[in-house]
Amino acid sequence: MRKVLVVILLLLIGGVIVADRMGVRRAEDEIAKQVAAQYRLDARPDVTIHGVPFLTQAIGGNYDQIDVKLGEWTEKGVTVHDAALKLSGVQAPLADVVNGNSSQITVRNATASAVVPYSVVQKYAPQGVKGISASGSNLQARVSASYLGIRVEGDLVASLKATSQGIAVTPQSISNGGAKVPLAMLQQQYTFVIPTRSLLPMGARVSDIGVTPQGLRIAATADNVRLENLAKS
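Residues numbered from 1 in each chain as written. Predicted model: local features only at pLDDT ≥ 70, side-chain atom pairs only at ≥ 80, totals over all residues. Heavy atoms only, no water.

1. Topic: the overall build of the chain
Piece 1. Counting its regular elements, the chain contains seven helices and 11 strands.
Piece 2. Partitioning the intrachain contacts of the chain with sequence separation of at least 6 by distance along the chain shows that 52% fall at a separation of at least 24.
Piece 3. When the accessible surface of the chain is split by element, carbon and sulfur atoms take 49% of a total near 11,800 Å². (Helix = DSSP H or I, 4+ residues; strand = E, 2+ residues; numbered from the N terminus. Contact = heavy atoms within 4.5 Å. Areas by Shrake-Rupley, 256 points an atom, 1.4 Å probe, with all protein chains shown as cover.)

See the structure below:
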């Protein structure tokens, strides 16, 4: 989504601001058209530029908020659903825009969110963990494996926690039909991390994790994002 953020900002400040004469809808449609074309999306994203009037924001160089609903999004072979971006406090000084200078263009806060299907979560799970699904605010899965000579068969319940590497999935309990297995051993064997860096804007941190029937809804936030840094990444 980092590349989408760059395209949106460049389109916004690089020419579509003149579309205020024909209405902000023209600017929103142009951004949606270009993003869909460059990333070969099946459908155009839904773009909303908040704040009235648009031209006043352009002259002042400050845009209140821009929302982009991308829908299905594929990055590095991973497809997520309901992908969206919310850009708050976009600062693009008019003088810099006119001169084509992007060094001072910043976003005070950028939030990306998407639903990661359980089929994707499954790819990062240890061997023997199958059928991952929702269990309230936790995950549940079927475990069928051997650990240190002990056969483990049962339903595993795991909690979720944001870390610097991604989302840590940590076992909290297991209903095992055979011998009892200490929880510490289960956590050592079956804790895993879902990496999120490739799906998030530069410098983003996971700000929210939700469990849904379709997958994990993950939101990540980056503060004081500079367009110049994004373009170089």
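Continuing now.
2. Considerations on the sheet that holds strand β1 (residues 46–50)
Piece 1. Reading across from one edge, β1-β2-β3-β4-β11-β10 is the order of the six strands in this open sheet, with antiparallel pairing throughout. Edge positions in the sheet fall to β1 and β10 (205–211), since each has one partner strand and no second. With strand direction ignored, the average angle separating the axes of adjacent strands in the sheet is 15°.
Piece 2. The pairing of strand β2 (residues 62–75) with strand β3 (residues 78–91) spans 11 bridges and is classified as antiparallel. (Pairing = 2+ DSSP bridges. Axes fitted to C-alpha atoms, helices over the stretch in contact; angles between N-to-C directions.)

3. Structural notes on the nonpolar core
Piece 1. Judged by nonpolar contacts, the single largest core of 52 residues is most densely connected at Val-121, Ile-132, Leu-139 and Leu-216.
Piece 2. Top contributing element to this core by residue count: β3, with six residues.
Piece 3. Among all residues touching Ile-132, those that are not within four sequence positions of it are Tyr-118, Val-121, Gln-122, Ala-125, Leu-139, Gln-140, Ala-141 and Phe-192. (Core = buried A, V, L, I, M, F, W, Y, C linked by side-chain atoms within 4.5 Å. Buried < 20%, exposed > 50% of the residue type's maximum accessible area, 1.4 Å probe, protein only.)

4. Re helix α6 (residues 183–190)
Piece 1. Turning to α6, its buried residues are Met-185, Leu-186 and Tyr-190. Buried residues of α6, viewed axially, fall in a sector of 105°; they line one side. Pointing more than 90 degrees away from the buried face of α6 are the exposed residues Ala-184 and Gln-188. (Arc of directions from axis to C-beta.)

5. Quick notes on the environment of Thr-163
Piece 1. Looking at where Thr-163 falls in the secondary structure, it is placed in the loop between β7 (150–162) and β8 (166–176).
Piece 2. For the pair Thr-163 and Thr-196, spaced 33 residues apart in sequence, the C-alpha separation works out to 9.9 Å.

6. Comments concerning the pattern of salt bridges
Piece 1. Taken as a whole and judged by the stated rule, the model has three salt bridges.
Piece 2. As a salt-bridge pair, Asp-223 and Arg-205 come within 3.1 Å of each other at their nearest N and O atoms. Note that Asp-223 is positioned in strand β11 (residues 215–226) and Arg-205 in strand β10, a separation of 18 residues in sequence.
Piece 3. Relative accessible area serves as the criterion here: at 45%, Arg-205 is assigned to the partly exposed category. (Salt bridge = Lys/Arg side-chain N within 4 Å of Asp/Glu carboxyl O.)

7. Focus on the side chain of Thr-221
Piece 1. Within the fold, Thr-221 resides in strand β11.
Piece 2. Accessibility expressed as a relative area gives 8% for Thr-221, which makes it buried.
Piece 3. A distance of 3.3 Å separates a polar atom in the side chain of Thr-221 from a polar atom in the side chain of Thr-111. (Polar contact = N/O pair within 3.5 Å; in protein donor to acceptor, adjacent residues only side chain to side chain.)

8. A look at unusual backbone geometry
Piece 1. In this model, Asp-82 sits at a positive phi of 55°, which is unusual for a non-glycine residue.
Piece 2. Position of Asp-82 relative to the elements: it lies in strand β3.
Piece 3. Notably, Asn-224 is not glycine yet its phi reads approximately 50°, a positive angle.
Piece 4. For Asn-224, the position within the fold is in strand β11.
Piece 5. Note on Asn-224: relative accessible area 61%, which makes it exposed.

9. Points about the environment of Thr-170
Piece 1. Summarising the element assignment, Thr-170 is placed in strand β8.
Piece 2. By relative accessible area, which is 21% here, Thr-170 ends up partly exposed.
Piece 3. Remark: the alpha-carbon pair of Thr-170 and Val-193, spanning 23 residues in sequence, is separated by 8.8 Å.
Piece 4. Sequence-distant contacts of Thr-170, defined by excluding residues within four places in its chain, comprise Val-157, Ala-158, Ser-159, Gln-187 and Thr-191.

10. Focus on the pairing of β2
For a regular strand, side chains alternate in direction, first toward one face of the sheet and then toward the other.
Piece 1. Sheet topology note: the β1/β2 ladder contains five bridges and is antiparallel. The residue bridging Ile-49 from the neighbouring strand is Ile-66, located in β2.
Piece 2. Turn length for the β2-β3 hairpin, with the two strands adjacent in sequence and antiparallel, is two residues, and the turn residue Lys-76 shows positive phi of about 55°.

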